[in-house]
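Results of the structural survey
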Amino acid sequence: MSLLTALARLLIFPGILFAVPAAWFFLWVERKSVAMMQGRVGPPFMQPFYDFIKLLGKETPQRAGVAGGLMRAWPLIAVSTAAGAVGLLPVLPSSGGFQGDLILLLALLEVPSICIIAAGFSSRSIFGEIGSAREAVLSVSYNVVFLLAIISVAASQHTFRLEALAQLPSTPLRWVGILAILICLPAKLHLNPFSLPNAEQEIYSGPMVEFAGPELAMWELSHGLEWVAATGLVATLIAPQTAFWGLSALVFIALSFGIVLLLSALAAATARLAIDTTVRFYWQCTIIFAVLAVSSALFMRIRS
Amino acid sequence: MRILTMLWKNFWGGSRTLLFPARPKVTQRFRGLVQFDPELCSGCAICKFRCTSRAITYQAGKGEFTWGYDPGQCTFCGRCVEGCTEHALKEGHTEHALSQESACPPIYLQEGELKKVYTVKRKAPAPKPATPVAPKVTAAIPESSTGGAQ
């Protein structure tokens, strides 16, 4: 992939120019669908965009004893890495990519979570610290399953290249891996029942409690970009890529939309779990999927 | 699984809320804003006493009194109207642009924005009815029995 292509993918499609409106759209779909399931009207279509603009126009109050530079840096790092992750998604066929871009995508997807943990601790707020500690525990819990599932998918298909993965036909093992990834997505996107790091009622949104104005706008944007990247990754693994790029893009968008609706339904149907229950769920119940997937993948690899 | 059925029904069953500028229709049982008639009020302040949400204020002065009502603070319980012996308070149909069929309590952005204060002159006390002079009752003093039958 040449530098020009990489820049085009990062800045135009499926990077920032596409990903930012897509992030607002996904945030709106999530809010609207949850509202409709709860019998409410929900926000108008442009609401995430209005929220972003409104927050950009606000001033950030002075916070005594807090490193302002750090507080400004964390959301920016989160936004840029999430946008980079979206830029790596092979939405269109023959869109480039390189060997190992799946590993880079996973690393980039993990950075916003690390930024949230660091931001909570740098805010010197007790609620922020509790939220960060919860996020750290949650991250350790679901990431084992998430990474094992993706490794199993990649190992079974003999490649760590996203485009190759998207073009290869699905196998039953791949579906087990996709299921494990789907189970991890609510925790990754801080949705119910795993929304305890940013619990609004208990700890005032946790790590975000000290953020206001443009910094909060950046956090919201990074959250939306995480939505696009995470659902896009699952859509890439599910969708059979065809030679006709229009159809590929359409299938990709439809699948991402479907995953957002599925996650929203789960969020609306469930209540927030406590931290110990969440950790037990991932370490005791879900890890079986991942271990099964990895062991089968390794077995298949040895046999072939 | 029942929650999923509930979500499905909610999803297709329409919403129970409205977007911001739209306002719900009020029911027939909605009591409406309290309306004050200064002509009838005698300034007894029983309404202020009965108002649990402190929406009604009352200040007595020399020869006049001020009566205030803040709809933003009112809970529309109707206790003031019930307690008004002079029928100076009514629950609303016309004033404050409130009609029972279509409008709900007005939107306000600042505390006390809707408050209305009336300064009312005290009425001269009605002349006391002429009371008939009660006839003097002379109690019959029984004669002392001292020195009676001897």
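Conventions used here
Residues numbered from 1 in each chain as written. Chains lettered and ligands numbered in written order. Predicted model: local features only at pLDDT ≥ 70, side-chain atom pairs only at ≥ 80, totals over all residues. Buried ≥ 20, exposed ≤ 12 C-beta atoms within 10 Å, placed from the backbone. Helix = DSSP H or I, 4+ residues; strand = E, 2+ residues; numbered from the N terminus. Pairing = 2+ DSSP bridges. Axes fitted to C-alpha atoms, helices over the stretch in contact; angles between N-to-C directions. Contact = placed C-beta atoms within 7 Å. Nonpolar A, V, L, I, M, F, W, Y, C, P; charged D, E, K, R; others polar. pLDDT = per-residue confidence, 0-100.

**Focus on the pairing of strand β3 (residues 64–69) of chain B**
Residue and element names in this part refer to chain B.
- Burial of β3 is one-sided: the residues Phe65, Trp67 and Tyr69 facing one way are buried, the residues Glu64, Thr66 and Gly68 facing the other way are not.
- Judged from the 5 bridges that link them, strand β2 (residues 56–60) and β3 form a sheet pairing that is antiparallel. Across the sheet, residue Ile56 finds its bridge partner in β3, namely Tyr69.
- Joining the antiparallel neighbours β2 and β3 is a turn of 3 residues, in which Gly63 adopts a positive phi near 75°.
- Note: β3 against strand β5 (residues 116–121), 6 bridges, orientation antiparallel. Bridge pairing in β5 places Tyr69 opposite Lys116.

**Some words on the sheet that holds β5(B)**
Residues and elements named next belong to chain B.
- As summarised here, the arrangement of the 3 strands in space is β2-β3-β5, forming an open sheet in which the pairing is antiparallel. Single-partner strands in this sheet number two, and they are β2 and β5. Averaged over all pairs of adjacent strands, the angle between strand axes in this sheet comes to 15°, irrespective of strand direction.

**Considerations on the interface of chain A and chain B**
- Taken together, the contact pairs 10 residues of chain A with 10 residues of chain B.
- For the side of chain A that touches chain B, the element with the most residues is helix α11 (residues 245–269) of chain A, which contributes 3 residues.
- Its residues placed into classes, the side of chain A that touches chain B shows 7 nonpolar, 2 polar and 1 charged.

**Things to note about the confidence of the model for chain B**
All names here are of chain B.
- Averaged over chain B, the pLDDT score is 78; the fraction of residues at 70 or greater is 71%.
- Taken element by element, the predicted model of chain B shows its lowest mean pLDDT in strand β4 (residues 89–91) (87) and its highest in helix α2 (residues 46–50) (95).
- When the criterion is pLDDT under 50, residues 95–101 qualifies, and its contacts beyond four places in sequence or with other chains add up to 16 contacts.
- A low-confidence stretch, residues 144–150 (pLDDT under 50), is modelled with 0 contacts involving residues beyond four sequence positions or located in other chains.

**Details of unusual backbone geometry**
- Geometrically, the link from A:Asn192 to A:Pro193 is a cis peptide bond, its omega value of 0° lying close to zero.
- Secondary-structure assignment places A:Pro193 in the loop between α8 (172–188) and α9 (200–203).
- The phi angle at A:Ser205 is positive, at roughly 70°, despite the residue not being glycine.
- By the secondary structure assignment, A:Ser205 is in the loop between α9 and α10 (213–238).
- With 21 C-beta atoms packed within 10 Å, A:Ser205 lands in the buried category.
- Of note, B:His87 is a non-glycine position whose phi angle comes to about 60°, a positive value.

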